[in-house]
Structures are given as structure tokens and as C-alpha cells.
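Each chain, letter by letter, is given below.
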Amino acid sequence: YETDYTTGGESCDELEDDWVREYPPITSDQQRQLYKRSFDTGLQEYKSLQAELDEVNKELSRLDKELDDYREESEEYMAAADEYNRLKQVKASADYKSKRNYCKQLKSKLSHIKKMVGDYDRRKT
């Protein structure tokens, strides 16, 4: 079995320009409320998606440790190895990679919106 474990924590700086066009600096309280609603909706989606991705990684890590506890020829080892390999295939799938990339985009969007709201709030005080 393979033991590579990645968290998908790559940077999303390249998306910043897109978010600046979609979410320019805030100029009114009404615009701030729209940004805040967009942030709240995106945050719920991000948390749900990230939890799904984290669960796959958590289970892979657990199985990796569990495999060390069994003899290689045992039934327990074979069952754990099969599940480990199945999850590795899930992680290598186009669907998983698409979700991971979308999650990165959401994180970048949320960071940008949070910055725009914070900048506006600082200007107002």
C-alpha cells in the first residue's frame, strides 16, 4: 500500500484577480450586506465540502496506522489494505480532484470577501 498523504493546502493566489473583478472594494452598507450574505452561503458550502475531503484523508491515515498492527498475510491486513486502496482510488478520481479544486476556489473567494468587508469596516470607523 502507498503511504503518501496530502492535505490539499496549496495556495490560491492566482485566483485573486478574478475575485477582485467579481467583488471590488465595498462602497455602501447595502453592498456590504450582499458580500456578507455571499460569504455566509459560501462558508457553509466550504465547510461541508472540506469535511467530506478531510474524512477521506482521515480514514486513509487511520488505515495506514492500522495496517502496521497486522501481519501482512492476515485477513485483517488484507481487508484494511483493500479499503485503503479503495480510498486511494477515490482520492485519485476526477470527482475528488474536482471537489478539492472547487474547495480551494471557495477558500480563495471567502478570503477575498472577508478582506473586502474588513477593509470597508475599517474605512467606516
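Residues numbered from 1 in each chain as written. Predicted model: local features only at pLDDT ≥ 70, side-chain atom pairs only at ≥ 80, totals over all residues. Heavy atoms only, no water.

- Labelled according to an unreviewed UniProt entry, the protein appears under the name Occludin, originating from Cervus elaphus.

1. Topic: helix 3 (residues 75–92)
At step 1: With 18 residues, helix 3 extends 26 Å from end C-alpha to end C-alpha; this agrees with the ideal 26 Å at 1.5 Å per step.
At step 2: Along helix 3, the residues that are buried comprise Y77, A80, A81, Y84, L87, K88 and K91. Projected down its long axis, helix 3 shows its buried positions confined to an angular sector of 130°, all on one face. Of the residues in helix 3, the exposed ones pointing more than 90 degrees away from the buried face are E75, D82 and Q89.
At step 3: The secondary structure elements touched by the buried residues of helix 3 are helix 2 (29–67) and helix 4 (94–124). (Helix = DSSP H or I, 4+ residues; strand = E, 2+ residues; numbered from the N terminus. Expected span 1.5 Å × (residues − 1). Buried < 20%, exposed > 50% of the residue type's maximum accessible area, 1.4 Å probe, protein only. Arc of directions from axis to C-beta. Contact = heavy atoms within 4.5 Å.)

2. Concerning the packing of helix 3 against helix 4
At step 1: It is at 4 Å that the axes of helix 3 and helix 4 come closest, and there the two elements cross at 55°. Put simply, helix 3 runs oblique to helix 4. Residues V90, K91 and A92 of helix 3 pack against A94, Y96 and K97 of helix 4.
At step 2: In terms of residue class, the contact of helix 3 with helix 4 is built from 4 nonpolar, no polar and 2 charged. (Axes fitted to C-alpha atoms, helices over the stretch in contact; angles between N-to-C directions. Parallel < 35°, antiparallel > 145°, perpendicular 65-115°, else oblique. Nonpolar A, V, L, I, M, F, W, Y, C, P; charged D, E, K, R; others polar.)

3. Some remarks on the packing of aromatic side chains
The way to describe two aromatic rings as a pair is by their centre distance and the angle between their planes.
At step 1: Using the criterion set out here, one finds 1 aromatic pair in the structure.
At step 2: Between the aromatic rings of Y23 and Y35, the centroid separation amounts to 5.1 Å while the plane-to-plane angle is 90°, which identifies the pairing as edge-to-face. In this pair, Y23 is assigned in the loop between helix 1 (16–22) and helix 2 and Y35 in helix 2, connecting sequence segments 12 residues apart.
At step 3: Looking at Y23, the relative accessible area reads 9%, which means it is buried.
At step 4: For Y35, a relative accessible area of 5% gives the class buried. (Phe/Tyr/Trp six-rings, centres within 6.5 Å; stacked < 30°, edge-to-face > 60°.)

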